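# Close look at the chain arrangement
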Amino acid sequence: MSQNESTIDSESESLITTDVQPDTTAESASSATTIVETEQLNVYYGDDQALDDVSIAIPENQVTALIGPSGCGKSTFLRCLNRMNDLIDIARIDGTVTLRGIDIYDDAVDPVALRRKIGMVFQKPNPFPKSIYDNVAYGLKVQGKEITDERIEEALRSAALWDEVKDQLDQSGLELSGGQQQRLCIARAIAPDPDIVLMDEPTSALDPVAASKIEDLIDELVEDYTVIIVTHNMQQAARISDQTAVFLTGGELVEYDDTTTIFENPADDRVEDYITGKFG
Amino acid sequence: MAVETDTDTGFGEVSRLRGTVFEYLSLGASVVGLFALAALLIYVFVDAFGLSTASPAWLLTYFLTLVVPYIGFCLYSISDRAFTRKIALALGGGLVVTAVGFTAIETLLVSIPGLTWQIAYLFLVATPVVASVTFVASRQPLGAAGFGLVGRLVGGAALGCAVAIMFIVIDRPLWFLVYTFGVLPAGGVYAYTSRREIGWPTAQATLVGLFGLGVSTQLRQILGIYPSDGLIYLWTLAVPLAAGAAALVTLRDGSRRAVAGVAVTTLLGGGGGFVLGSSALPTGSGVIIGAATVAATAVYLVEAVDNEGRRGLLLPLLIAGGALAGAAVVQTVGIPTPEMWLTPAYLTSAPSNEAANAGLYPAVVGSIIIIAMVAVLSFVLGVGAAVFLEEYAADTGLVGRLTRLIQINIANLAAVPSVVYGLLGLGLFANLLGFGFGTAVTAALTLSLLILPITVISAQEAVRSVPDDLRQGSYAMGATRWQTVKNVVLPEAMPGMLTGTILALGRAIGETAPLIMIGAATTVFSAPAGIWSRFSAMPMQIYAWANYPQAEFRYGVVAAGVVTLLIVLLAMNGTAIIIRNRMEREH
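Residues numbered from 1 in each chain as written. Chains lettered and ligands numbered in written order. Predicted model: local features only at pLDDT ≥ 70, side-chain atom pairs only at ≥ 80, totals over all residues. Heavy atoms only, no water.

On to the overall build of chain A. Each helix and strand counted, chain A has 12 helices and 10 strands in total. Within chain A, the proportion of its 280 residues that are buried is 55%. Residue pairs at least 24 apart in sequence account for 68% of intrachain contacts in chain A once pairs closer than 6 positions are excluded. (Helix = DSSP H or I, 4+ residues; strand = E, 2+ residues; numbered from the N terminus. Buried < 20%, exposed > 50% of the residue type's maximum accessible area, 1.4 Å probe, protein only. Contact = heavy atoms within 4.5 Å.)

Following this line, the structure appears as structure tokens:
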């Protein structure tokens, strides 16, 4: 605990509390574009294997979509990237995940400090039962950053919510509609200015109009952030993503390529069957 | 309807026989329970207020001067013709039904002891009608204003009484010094540093406060002359209360117009208590009760003055006027008054061997002091244990197994008879730790242990019911475990934790067996002077009286004690529920 606090106080830019040399090979292979890279990533929940040897390199400032049938490990993969799986006692992780060349599962990496670099938006909108203002300010508050009205406004504007809520910032976040709540969660995630925004099926609980607003928003977010999004909706993946990764049952990454290639000319027959709706 | 038959609709019918039987059985079970409880309460109230000796003329007088105007006010504030007709029908029809039914039962079946049809009417018809019109009227602006004011008056007085009783066991000169040299400077430092945003306000204020505390304890040894209790209360309670009330008004109202008014009236209330201090009400208590009542009312009035329901504020005057008018009529006409046991004198005097002089004051004070300690102890311990078990303790491995073992044992402890806890308290606190036999501290610790399992389990439920989504959201924002617990879990779980603690406190306040085990006195003649002194509690005193040979004790005095116990319990629960609802609304 005290170690965490000291990281907050110093507001250090590094995730690492002691000195660790970045993995030079990973860096040279991906220098400008790759931000997150996994190698032979295996995840087990007790005896069940949720991810099977996933190796992937995710480019910076692009939208990467993860698609696949239910239970194929997409969300598990996403939660590996900000070490949210650490919170599950029975989860066991094998392999490496690097963020800008740094192995995030290294002992010297503080998972709390890591999560401060990575925003996350969940499937069900989960604003805190606090005011809209406090919701957006939450990340700044726990990370010990200065809370200013300008920063809150900027985050809400980036989440395309400012015009709808600017007169009711003191109202509870729970009083907003589902779509507004989800955009509030996005504003909350980007307020502390993370490097990456993870989205776990952010539109599946929303109506089509609210969903399309979020899709437009993702288009704009990608100018400043790297977005990794899990989705069940293949049209959505085709519309918004630059890269698409297809997971199939058993936690296997079957194919990963440009979105156009995946949807127009997939290499693997199973992927073609899945995206044309023959199974899954 | 109940059985499957062929009908010409072509759909047939589905049997609901078993469902219907089950529905009525459940209804029957709840009705039996409620009726048994209602009958018990009615008899206790009848005994406590001596209603069985009340003449019909006395009942009629107060019914006309107090109950009828009250119902009239409520109906006026509702101003709904259909509802008024319904209420009138219930009152009138209820009168006929009760009179006829009661007489029929008495002549044909059995005579009902201790009741007349008038009293039965009072409880079976008048009380429910009053409750329902009160409920409906409190949702109208007019009624809401009136009930709000009455509530603030009663609540302020109750709070003032509770604080006054707490101060019985506090060394007043020491409190005076601690407030002057510790609390006040610490508050000043906190306000100044947090407004100027310099340094760490909490840390600096704590430091100043601790320094003041040290200075005060030293000074207490040296100084010999102190202001009177009344002046101490005026300076340490009434003045800050006035400032706080004024600050609350500026915060909510924004205008500074009313601030001075609130502050001045509160101080006047405190000063008034000083002046009015009589033998029945010691000056110090008068200051506290007066200031608390006036502050609560003044803050409310400032807010309510702008509302449309201003006329509703007449309600307390209507009630007071009705009571006075009733008393005047009874006096002038010469109607015999019933022999009441629960009177102001009963609450302010010591126990006696004569039923007419018996009082519950030392036991009430003892109970309230103990319950205050139990509330703090069990809430802190219960919430602490629950948060650890739910948020920190691991689910797997050795720690997980240990946690499960603790979990099972907590559930078992909740079922251990209270006598056993009494033995534990006797052995551990009274003997081993030397806190003394029958002292308030020993009792409070024993009762805290007794209800700890209940508070832990209910606090755990509350923590568990916080949606995991919120925790995940907090962790994903880079919050540490402590930040998540502090900012998300505790605020969300607080109403549930409070509910559990309130229910558990209800059990603690009525416990007798563990108090007997730790050697608490059944009867003491003065209020406890401190937490280390011997005490008696309400259930102990009631239990002792129930064994007296005289019938007046067994019926009148005991009933009055039971009603007092219930009222204190209700007041306590009511306060806690109001606080809880406030918290829920803030979310």
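Broken down by element type, chain B carries 21 helices and zero strands. Residue burial in chain B is summarised as follows: out of 587 residues, 40% are buried. Sequence separation of at least 24 residues holds for 74% of the intrachain contacts in chain B that already meet a minimum separation of 6. Of the roughly 30,700 Å² of accessible surface on chain B, 70% is carried by carbon and sulfur atoms. Counting 28 positive and 28 negative side-chain charges, chain B places the centres of these two groups 9 Å from one another. (Areas by Shrake-Rupley, 256 points an atom, 1.4 Å probe, with all protein chains shown as cover. Lys, Arg positive; Asp, Glu negative; His and termini not counted. Charge placed at Lys NZ, Arg CZ, Asp CG, Glu CD.)

What follows concerns helix H15 (residues 418–432) of chain B. Residues and elements named next belong to chain B. In a regular helix each residue adds 1.5 Å, so 15 residues correspond to 21 Å; H15 covers 20 Å between its end C-alpha atoms and thus fits that length. Along its length, H15 reaches its greatest deviation from straightness, about 30°, at Gly425. Those residues of H15 that fall on the buried side of the exposure criterion are Ser418, Tyr421, Gly422, Gly425, Phe429 and Ala430. Summarising the contacts, the buried residues of H15 are in contact with helix H14 (397–413), helix H16 (440–464), helix H18 (481–509) and helix H19 (513–517). At the C-terminal side of H15, Gly434 shows a positive phi close to 70°. (Expected span 1.5 Å × (residues − 1). Bend = angle between axes of the 7 residues up to and from the residue.)

So, about the packing of aromatic side chains. Two aromatic rings are characterised by how far apart their centres lie and by the angle between their planes. Tallying each qualifying case throughout the model produces 15 aromatic pairs over all chains. Of the aromatic side chains, those joined through ring pairs into one cluster are B:Phe167, B:Trp175, B:Tyr179, B:Tyr233 and B:Trp235. The positively charged end of A:Arg188 is found above the aromatic ring belonging to A:Phe128, 4.4 Å away from the centroid. (Phe/Tyr/Trp six-rings, centres within 6.5 Å; stacked < 30°, edge-to-face > 60°. Lys NZ or Arg CZ within 6 Å of the ring centre and 35° of its normal.)

Each side of the interface is counted separately: chain B has 22 residues, and chain A has 31 residues. Contact between chain B and chain A buries roughly 2,100 Å² in total, counting both sides, with carbon and sulfur atoms accounting for 60%. Counting every contact that joins chain B to chain A gives one salt bridge. Elements that contribute at least two residues to the side of chain B that touches chain A include exactly helix H17 (468–476) and H18 of chain B. (Buried area = accessible area lost by both parts, 1.4 Å probe. Salt bridge = Lys/Arg side-chain N within 4 Å of Asp/Glu carboxyl O.)

All names here are of chain B. Looking at the assigned domains, one finds that chain B contains domain 1 (1–48), domain 2 (55–139 + 308–338) and domain 3 (355–586). If you average the C-alpha positions of domain 1 and of domain 3, the two centres end up 36 Å apart. Facing the five residues of domain 1 at the interface are seven residues of domain 3. When residues of domain 1 are sorted by the area they lose upon contact with domain 3, Val44, Asp47 and Ala48 head the list and together hold 73% of the total. Across the domain 1-domain 3 interface, the total number found is zero salt bridges. Joining domain 1 to domain 3, the criterion identifies zero residue pairs in polar contact (both at pLDDT 80 or more). (Domains from an automatic or database assignment. Polar contact = N/O pair within 3.5 Å; in protein donor to acceptor, adjacent residues only side chain to side chain.)

What follows concerns the UniProt feature "domain: ABC transporter" (unreviewed entry) in chain A. Cross-referencing UniProt, the feature "domain: ABC transporter" (unreviewed entry) maps to residues 36–275 of chain A in the present numbering. Helix makes up 35% of residues 36–275 of chain A and strand makes up 27%, while its end C-alpha atoms are separated by 25 Å. (UniProt positions renumbered as here; feature names shortened; annotations may be inferred.)

A word on the side chain of A:Arg83. Residues and elements named next belong to chain A. With respect to the helices and strands, the residue Arg83 is situated in the loop between helix H3 (74–81) and strand E4 (91–99). A residue is classified by how much of its surface remains accessible, and Arg83, at 11% relative accessible area, is buried. Only 2.8 Å separates the side chain of Arg83 from the side chain of Asp86, close enough to count as a polar contact. Not counting residues up to four positions away in its chain, the partners in contact with Arg83 are Ile104, Tyr105, Asp106, Val109, Pro111, Leu114 and Arg115.

Residue and element names in this part refer to chain A. A contiguous patch of negative charge, built from Glu154, Asp193, Asp216, Asp219, Glu220, Glu223, Asp224, Asp242, Asp257 and Asp258, is present on the exposed surface. Residue assignment for the negative patch shows that the elements contributing at least two residues are helix H9 (208–221) and strand E10 (252–258). Among the elements that make up the negative patch, the one with the highest residue count is H9 (three residues). Examined against the element boundaries, Asp242 turns out to sit in the loop between helix H10 (234–240) and strand E9 (243–248). (Patch = residues over 30% accessible without salt bridge, like charges linked within 9 Å, V, L, I, M, F, W, Y side chains within 5 Å.)

Per the UniProt record, "domain: ABC transmembrane type-1" (unreviewed entry) is annotated on residues 364–576 of chain B. Secondary structure over residues 364–576 of chain B splits into 77% helix and 0% strand, and the C-alpha atoms at its two ends are 19 Å apart.

We now examine a nonpolar patch on the surface. The grouping of B:Tyr24, B:Leu27, B:Val31 and B:Phe35 at the surface amounts to a nonpolar patch, some 430 Å² of accessible area in total. With respect to the element layout, B:Val31 can be found in helix H1 (residues 17–48).

In this section: the layout of surface pockets. Residue and element names in this part refer to chain B. Reported here for the second largest pocket is a volume of approximately 2,100 Å³. In terms of lining residues, the second largest pocket is bounded by 48 residues, among which Phe45, Val67, Leu122, Phe123 and Thr127 are the most central. Among the elements of the structure, H1, helix H2 (56–78), helix H3 (81–109), helix H4 (117–137), helix H5 (141–166) and helix H11 (315–333) are those that each provide at least two residues to the lining of the second largest pocket. The greatest single-element share of the lining of the second largest pocket, amounting to 13 residues, is contributed by H4. Broken down by class, the residue content of the lining of the second largest pocket amounts to 42 nonpolar, six polar and no charged. Taken together, domain 1 (1–48) and domain 2 (55–139 + 308–338) each give at least three residues to the lining of the second largest pocket, which thus spans both. (1 Å grid on protein atoms, 1.4 Å probe; cavity = no way out; pocket = protein on both sides within 12 Å on 5 of 7 lines; lining within 4 Å. Points joined across faces, edges and corners; volume = space filled by probe spheres on them. Nonpolar A, V, L, I, M, F, W, Y, C, P; charged D, E, K, R; others polar.)

Right, let's talk about empty space enclosed by the protein for a bit. Counting across every chain of the model gives two cavities of 30 Å³ or more. Along the walls of the largest cavity sit B:Ser367, B:Ile370, B:Ile371, B:Leu447, B:Ala508, B:Ile509, B:Glu511, B:Leu515, B:Ala537 and B:Pro539, which together make up its complete lining. Among the secondary structure elements, those contributing two or more residues to the lining of the largest cavity are helix H13 (361–392) and H18 of chain B. A total of three residues in the lining of the largest cavity trace back to one element, the largest contributor, which is H13(B). Here the lining of the largest cavity is composed, by residue class, of eight nonpolar, one polar and one charged. Of the volumes computed, that of the second largest cavity is approximately 40 Å³. Lining the second largest cavity are A:Arg115, A:Arg116, A:Ile118, A:Gly119, A:Gln143, A:Ala189, A:Pro192, A:Pro194, B:Ala476 and B:Met477. Along the lines of polarity and charge, the residues of the lining of the second largest cavity split into six nonpolar, two polar and two charged.

Once that is clear, we can look at the nonpolar core. One broad trend across soluble globular proteins is that nonpolar side chains are buried collectively. Grouped together as the largest cluster of nonpolar side chains are 49 residues, with contacts concentrated most on B:Ile370, B:Val374, B:Leu515, B:Phe535, B:Trp545 and B:Val557. Those elements giving two or more residues to this core turn out to be H1, H13, H16, H18, helix H20 (538–546) and helix H21 (551–586) of chain B. Each residue touching B:Trp545, except ones within four places of it in the same chain, is listed here: B:Tyr346, B:Pro351, B:Ala358, B:Gly359, B:Leu360, B:Phe553, B:Arg554, B:Val557 and B:Val558. Grouped together as the second largest cluster of nonpolar side chains are 46 residues, A:Ile132, A:Ala191, A:Leu217 and A:Leu221 included. (Core = buried A, V, L, I, M, F, W, Y, C linked by side-chain atoms within 4.5 Å.)

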